[in-house]
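# Survey of secondary and tertiary structure
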Protein chains: 4
Amino acid sequence: MNYRTVLDKIYINSKDFPKMGVVSTSIPELAKVHPDKFGIHLTTINGEEIGVGNSNEKFSIQSVSKALTVALAFSKCGEEIWNRVGVEPSGNPFNSLVQLEFEKGIPRNPFINAGALVIADILVTVLQNPKEDLLHFIRTISGFETIDFNLKVAQSEKETGFRNAALANFLKSFGNIQNEVDVVLDFYFHQCSIEMTCKELAHAFFIFANEGKTKKGNQILTTSQVKRLNALMQTCGFYDESGEFTYRVGLPGKSGIGGGIAALLPKQFAIACWSPRLNEKGNSELGMFALEQLTTETGMSIF
Amino acid sequence: MNYRTVLDKIYINSKDFPKMGVVSTSIPELAKVHPDKFGIHLTTINGEEIGVGNSNEKFSIQSVSKALTVALAFSKCGEEIWNRVGVEPSGNPFNSLVQLEFEKGIPRNPFINAGALVIADILVTVLQNPKEDLLHFIRTISGFETIDFNLKVAQSEKETGFRNAALANFLKSFGNIQNEVDVVLDFYFHQCSIEMTCKELAHAFFIFANEGKTKKGNQILTTSQVKRLNALMQTCGFYDESGEFTYRVGLPGKSGIGGGIAALLPKQFAIACWSPRLNEKGNSELGMFALEQLTTETGMSIF
Amino acid sequence: MNYRTVLDKIYINSKDFPKMGVVSTSIPELAKVHPDKFGIHLTTINGEEIGVGNSNEKFSIQSVSKALTVALAFSKCGEEIWNRVGVEPSGNPFNSLVQLEFEKGIPRNPFINAGALVIADILVTVLQNPKEDLLHFIRTISGFETIDFNLKVAQSEKETGFRNAALANFLKSFGNIQNEVDVVLDFYFHQCSIEMTCKELAHAFFIFANEGKTKKGNQILTTSQVKRLNALMQTCGFYDESGEFTYRVGLPGKSGIGGGIAALLPKQFAIACWSPRLNEKGNSELGMFALEQLTTETGMSIF
Amino acid sequence: MNYRTVLDKIYINSKDFPKMGVVSTSIPELAKVHPDKFGIHLTTINGEEIGVGNSNEKFSIQSVSKALTVALAFSKCGEEIWNRVGVEPSGNPFNSLVQLEFEKGIPRNPFINAGALVIADILVTVLQNPKEDLLHFIRTISGFETIDFNLKVAQSEKETGFRNAALANFLKSFGNIQNEVDVVLDFYFHQCSIEMTCKELAHAFFIFANEGKTKKGNQILTTSQVKRLNALMQTCGFYDESGEFTYRVGLPGKSGIGGGIAALLPKQFAIACWSPRLNEKGNSELGMFALEQLTTETGMSIF
């Protein structure tokens, strides 16, 4: 089975996919995107590069960025980050405060918002110029120097991000935010506003498929760290739909409410797809369907 | 049975009361108060005034203020305030966010912090000069012109009030805060910082005992409004210990983490007591015990 | 103001009351009752007896029985019953298991199902012939010898009472049921099946209004016990609508899904009303409205 | 790297492993096992069979059986089983009732007790002789005809299984148990009482490693079904420690409070280990450590 053939087929099938789900309106700036955008890019260990649809168009990566910030924090601080955030699926929506209260301010995992805010706090502490350094990291691992924040989106998130402000203050009340709340939120809103194409995102996630090494061969994470981050994406990458994604697709990955999903098969490929229509759990309807077809058609998954 | 005799007896008994409970350290400024302060003041419909112990010493009324702000909001806006806050006991600690999430941003009652923040938001909207007007209201109902904020306490709360900031932002995310979060918090931290003596507080609560009228005869609330506020204090005035207080004491009342408790028997008396040692629910140990003795000795309670 | 006049007025108004709410279908046998039945009976300390509507027709008292069983247990065992069940409002529906899990098998209060099952377990232990003795107790306090179980209703509850079976097993798993689960459930289903008229129920609740004494002058409970049970009914008698009932009506009372409500004003009167249409909280729509009118029209309430 | 070498090393290291954790006392019969038992058996696609320690000693498989019952139900009924039980990690302890209440009787996944009870109910419905047929199924997939229930353990569970009785009744109250509660519980207690050796268990789990085929080549499950069950074990197999197990070990698997863990690497091997000392989440301390060493030493995991 040939990846090109499968992706072409998925792309053709996407035309008939019911226009279910809606574009996120949680951030006004995001609501402006055209709902029928759809692109995929796949990049393999063997050097294949396959893109279909709007795979070279920038979109807001939103929570997909959480996989990249935790990778950066893990590479900088090692296992000690798990003292402040767990590795368990939460079983709750991504922005829930309930669990945090029962668990005294230790977020279940770094992919729910509370956990990502703790990771943001860690990065604000350890990075010299947090926002610039994050951009630099993502440019380095992906090899694309033009990746940048969308300042309008960041500003839009700031103006409407009361739930995240609630989470950050709540974490601070438990002592699990060390910097100023506003500084951490500013970093977090910027990280979510990053815009990338499917191709760029697939290349960034390539390090997770390639035992920690970039396309150019730079070792960013150790083999062990990559395994652990992949494990984390498998169990927690899709909020309270992580089990469903694992069940249907069987690849570690991370989604965002911009409609992006990045996933990978260890030692084989990294892939990113984008379709802004979201299901009620906040994951891309068509994106999940596309990835399910990929693993079904190729018979390739981690299981 | 004579009130003076009972209060003297309670005061004498207080000397032997075990020094249980600890002064609240949630706000650094509050932690400075001497733990063994104890005072009571009782004021009756018939004009009796009885004070024992440190009844003329100022203390931080903290959440006792919630009964006064809801009275002011009720008098200004009537029943419509219940569209934004409920009248049910919460069954949870005063600063819990859990219930708020399940109930989509409508706090259970105006005496948990979330509900008090909504009342604060209402007052910020309807009052010309919110902070000044609140002071004016409390001075008017109590008849004491010197009642004031303690600005150091207000500032101290601001610097450490991350849980309240979380609640306010959370409410805002549900659309149940209409003003700027910072403005509402500033009002709230000031209301909590108000300092009063037992005598002043008893006089302020006199309106709840006297069918809405002050000592001087000004009708502040209607008879019906007073009944409803008393009902609310009865079921919700002591956080998740409201049932216990009703069971042991049987009077409508409101407590604060400054160690103050104000209570009343309709058409008979209003009373305020103060002892800063708190039990684990955040209510004054000795204060509750004193009021239990009062109703036991006199046989007077609403039941 | 004359009680007869007020009750007649309430009865006339009831004709125009919107036919809101539905008869409980949780137990098939209960669903057979005519939805438009409506009766009230009021009995005063001064010996007045006033009945309107279907006040002499039997209905299933259901959870109203919980006030009677806790009274019996309290009279037999005293304060130690509170080691196994609390006195706090639950803030949750009557048959919730959630809180029980967090609180390790100690139900919040004796009026939620879990708490009533613990009380049933206590009675099964301390009574010689539990079911007969309970009947005897209710006959004694009310003065009506014909009060009895409805065995068809008891059987119907048994066949469909899986939620209660879940609660009882759950309590047993925490060690807070000492007898066989089936024996406790049998007692509980019988107690709920008791049928009484409004008049009989008002007379039974008379002991709560009359400082523990029956019409005939027998002292069943101490003054102190009565106050405490009244306090408990005030804060917990109407499930997660207890605050609303206290706010609107301002009398201690207890409701059942048969549509009955019994309430009282200490030292004045006991009252029972019955209308089978329930609101979504499981309380009688018209019954609550009737009692609200009573306290509004007479100006009499505990507040 | 040679499996024999690794297992020998793990076995030697186990001697120094701190004697942390305690044998489950939830079932009196289970509490009798010697805490220091330890065995591993690994069976590969290539026909290797490696056992160390007490690998040929029977133990109570307990919840490991849930992976086998869901496999049987899946093979009989296909995808429709997911209408009655989900595929999401629960984020809660294995015997929690809380989530079930919020989610109206649909258990999160088939590996928490509530979900396993629903699967038991399905099997009771579709199997001719449920208990015998289950035994037959396990004997067939493993190739060991002597596998059997331990009737004393089954009886012991019945006498103390109030939490499971609560769950079953609760499910029944939501209509998600179709057979008699007692019949379903009887089946469930028997399934948990099954005794197997590490070798037998590894052979039973071999079908999950071998694309649905037994050692003898019988196709029990389709390739697709196996992938999905592996996915499910990955995200949900270790209760609220599933994330931790995935993070540390990176293999699909299932644990039981008898101290057993069965796991597998697709297309490579199945493995079972046994050590009765449990951590606070109810998983075998030494078992998890052994499997972590295995994947660390061999570098083999699904990630």
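Remember, predicted model here, so these are calculated numbers, not experimental data. (Residues numbered from 1 in each chain as written. Chains lettered and ligands numbered in written order. Predicted model: local features only at pLDDT ≥ 70, side-chain atom pairs only at ≥ 80, totals over all residues. Heavy atoms only, no water.)

A separate point is the overall build of chain A. Counting its secondary structure elements, chain A contains 12 helices and nine strands. Whereas a compact globule of 303 residues would reach a radius of gyration of roughly 19 Å, chain A reaches 18 Å, a difference of no more than 12%. Here chain A holds 303 residues, and 66% of them are scored as buried. Contacts spanning at least 24 positions in sequence make up 70% of the contacts within chain A whose residues lie at least 6 apart. The averaged location of the 32 negative side-chain charges in chain A is 2 Å from the averaged location of its 29 positive side-chain charges. (Helix = DSSP H or I, 4+ residues; strand = E, 2+ residues; numbered from the N terminus. Rg over C-alpha atoms; globule rule 2.2 N^0.38 Å. Buried < 20%, exposed > 50% of the residue type's maximum accessible area, 1.4 Å probe, protein only. Contact = heavy atoms within 4.5 Å. Lys, Arg positive; Asp, Glu negative; His and termini not counted. Charge placed at Lys NZ, Arg CZ, Asp CG, Glu CD.)

Its rotation angle being 180°, the transformation that places chain A on chain D also includes 0.0 Å of axial translation and leaves an RMSD of 0.0 Å. What we have between these two chains is a two-fold relation. (Least-squares fit on C-alpha atoms with pLDDT ≥ 70 in both.)

Another aspect to go through is the sheet that holds strand 8 (residues 269-274) of chain C. Each strand in a sheet pairs with its neighbour through backbone hydrogen bonds, running either in the same direction (parallel) or in the opposite one (antiparallel). Residues and elements named next belong to chain C. Taken in spatial order, the five strands of this open sheet run 3-2-8-7-6, and their pairing is antiparallel. Both outer strands of the open sheet, strand 3 (49-53) and strand 6 (253-255), are each paired with one neighbouring strand and no more. The sheet shows a mean angle of 10° between the axes of neighbouring strands, taken without regard to direction. Bridging between strand 2 (residues 39-44) and strand 8 involves six bridges; their strand directions are antiparallel. Within the sheet, the bridge partner assigned to His 41 lies in strand 8 and is Ala 272. Along the sheet, helix 9 (residues 198-209) contacts strand 2, strand 3, strand 6, strand 7 (260-265) and strand 8; its crossing angle with strand 8, the most-contacted strand, is approximately 145°. (Pairing = 2+ DSSP bridges. Axes fitted to C-alpha atoms, helices over the stretch in contact; angles between N-to-C directions.)

A few words on the interface of chain A and chain D. Listed by partner, the interface residues are 32 residues for chain A and 32 residues for chain D. Between chain A and chain D the total buried area reaches about 2600 Å² when both faces are included, carbon and sulfur atoms providing 55% of it. Among the residues chain A hides against chain D, the three largest losses belong to Arg 228, Tyr 247 and Phe 303 of chain A. Together they make up 32% of the total. Notably, a salt bridge pairs Arg 228 of chain A with Glu 292 of chain D, separated by 3.9 Å at the nearest N-O pair. At the surface where chain A touches chain D, the tally comes to 14 residue pairs in polar contact (both at pLDDT 80 or more). At the level of elements, helix 10 (223-236) and helix 11 (242-248) of chain A are the ones that each hand at least two residues to the side of chain A that touches chain D. (Buried area = accessible area lost by both parts, 1.4 Å probe. Salt bridge = Lys/Arg side-chain N within 4 Å of Asp/Glu carboxyl O. Polar contact = N/O pair within 3.5 Å; in protein donor to acceptor, adjacent residues only side chain to side chain.)

With that settled, consider the packing of aromatic side chains. Tallied over the entire structure, the rule returns 40 aromatic pairs over all chains. Their ring planes at 15° and their centres at 3.6 Å tell us that Phe 238 of chain B and Phe 245 of chain B sit as a pair that is stacked. Side by side, Phe 238 of chain B and Phe 245 of chain B carry an identical accessibility label, which is buried. Ring plane angle 5° and centroid distance 6.2 Å describe the contact between Tyr 11 of chain D and Phe 38 of chain D, whose orientation is recorded as stacked. Linking Tyr 11 of chain D in helix 1 (residues 3-14) with Phe 38 of chain D in the loop between strand 1 (22-23) and strand 2 (39-44), this pair joins segments that are 27 residues apart in sequence. (Phe/Tyr/Trp six-rings, centres within 6.5 Å; stacked < 30°, edge-to-face > 60°.)

A few words on the pairing of strand 3 of chain C. Residue and element names in this part refer to chain C. Across five bridges, strand 2 lies against strand 3 in antiparallel orientation. Residue pairing for strand 3: Leu 42 is matched across the bridge by Ile 50. Taken together, strand 2 and the strand that follows it, strand 3, pair antiparallel across an intervening segment of four residues, in which Gly 47 is found at a positive phi of about 95°.

Let us now look at the UniProt feature "binding site: substrate" (unreviewed entry) in chain A. Residues and elements named next belong to chain A. Mapped onto this numbering, the UniProt entry annotates "binding site: substrate" (unreviewed entry) at Ser 63, Asn 113, Glu 157, Asn 164, Tyr 188 and Tyr 239. In this structure, Ser 63 sits in the loop between strand 4 (59-60) and helix 2 (65-77). Excluding anything up to four places from it in sequence, Ser 63 contacts Tyr 239, Lys 254, Ser 255 and Gly 256. One can find Asn 113 in helix 4 (residues 113-126). (UniProt positions renumbered as here; feature names shortened; annotations may be inferred.)

Let us now look at helix 10 (residues 223-236) of chain C. Since one α-helical turn is 3.6 residues long, residues separated by three or four positions face the same way. Residues and elements named next belong to chain C. Taking 1.5 Å of rise per residue, the 14 residues of helix 10 would be expected to cover 20 Å, and the 20 Å separating its terminal C-alpha atoms lies within 8% of that figure. Here helix 10 lies mainly inside the structure; 12 of its 14 residues are buried. Residues Gln 225, Val 226, Lys 227, Arg 228, Leu 229, Asn 230, Ala 231, Leu 232, Met 233, Gln 234, Thr 235 and Cys 236 constitute the buried set of helix 10. (Expected span 1.5 Å × (residues − 1).)

Any segment with low pLDDT has predicted coordinates that should not be analysed in fine detail. Scored by pLDDT, chain A comes out at a mean of 95, with 99% of its residues at no less than 70. Scored as a complex, the prediction yields pTM 0.93 and ipTM 0.93. (pLDDT = per-residue confidence, 0-100.)

All right, on to the side chain of Arg 139 of chain C then. Residues and elements named next belong to chain C. The topology assignment puts Arg 139 in helix 5 (residues 130-142). Within the local environment of Arg 139, its side chain forms a polar contact with the backbone oxygen of Glu 145, the two atoms lying 3.1 Å apart. Non-local contacts of Arg 139, meaning those with residues more than four positions away in its chain, are made with Phe 144, Glu 145, Ile 147 and Asp 148.

Attention shifts here to the sheet that holds strand 7 (residues 260-265) of chain B. All names here are of chain B. Across the sheet, which stays open at both edges, the five strands sit in the order 3-2-8-7-6 with antiparallel pairing between neighbours. At either end of the open sheet lies a strand with only one pairing partner, and these are strand 3 (49-53) and strand 6 (253-255). Neighbour-to-neighbour, the strand axes of the sheet open up by a mean angle of 5°, direction not taken into account. Each of strand 2 (39-44), strand 7 and strand 8 (269-274) touches helix 12 (residues 285-298); the most contacted strand, strand 8, lies at about 145° to it.

Right, let's talk about the pattern of salt bridges for a bit. By the definition in use, this model includes 64 salt bridges over all chains. A salt bridge links Glu 29 of chain C to Lys 32 of chain C, with the shortest nitrogen-to-oxygen separation between them at 3.2 Å. Relative accessible area serves as the criterion here: at 60%, Lys 32 of chain C is assigned to the exposed category. Across the pair Asp 186 of chain D and Lys 158 of chain D runs a salt bridge whose closest N-O atoms are separated by 3.9 Å. With a gap of 28 residues between them, Asp 186 of chain D in helix 8 (residues 181-193) and Lys 158 of chain D in helix 6 (residues 151-160) connect regions that are remote in the sequence. Owing to a relative accessible area of 45%, Lys 158 of chain D belongs among the partly exposed residues under this scheme. Ionic contacts of the salt-bridge type, sharing partners, join the residues Arg 228 of chain A together with Glu 244, Arg 248 and Glu 292 of chain D into one network.

As a further point, take the domain arrangement of chain A. All names here are of chain A. What the domain assignment lists for chain A is domain 1 (3-62 + 196-298) and domain 2 (64-193). For domain 1 and domain 2, the distance between their C-alpha centres works out to 20 Å. Each side of the interface is counted separately: domain 1 has 35 residues, and domain 2 has 38 residues. Buried surface at the junction of domain 1 and domain 2, both sides included, amounts to about 3100 Å², of which 72% is carbon and sulfur. Considering only the side of domain 1, the residues that lose the most area to domain 2 are Gln 62, Leu 232 and Tyr 239, jointly responsible for 18% of the buried surface there. The tally of links from domain 1 across to domain 2 stands at zero salt bridges. The set of elements that each furnish at least two residues to the side of domain 1 that touches domain 2 consists of helix 9 (198-209), helix 10, strand 6 (253-255) and strand 7 (260-265). Counting residues per element, the side of domain 1 that touches domain 2 draws most heavily on helix 9, which supplies eight residues. (Domains from an automatic or database assignment.)

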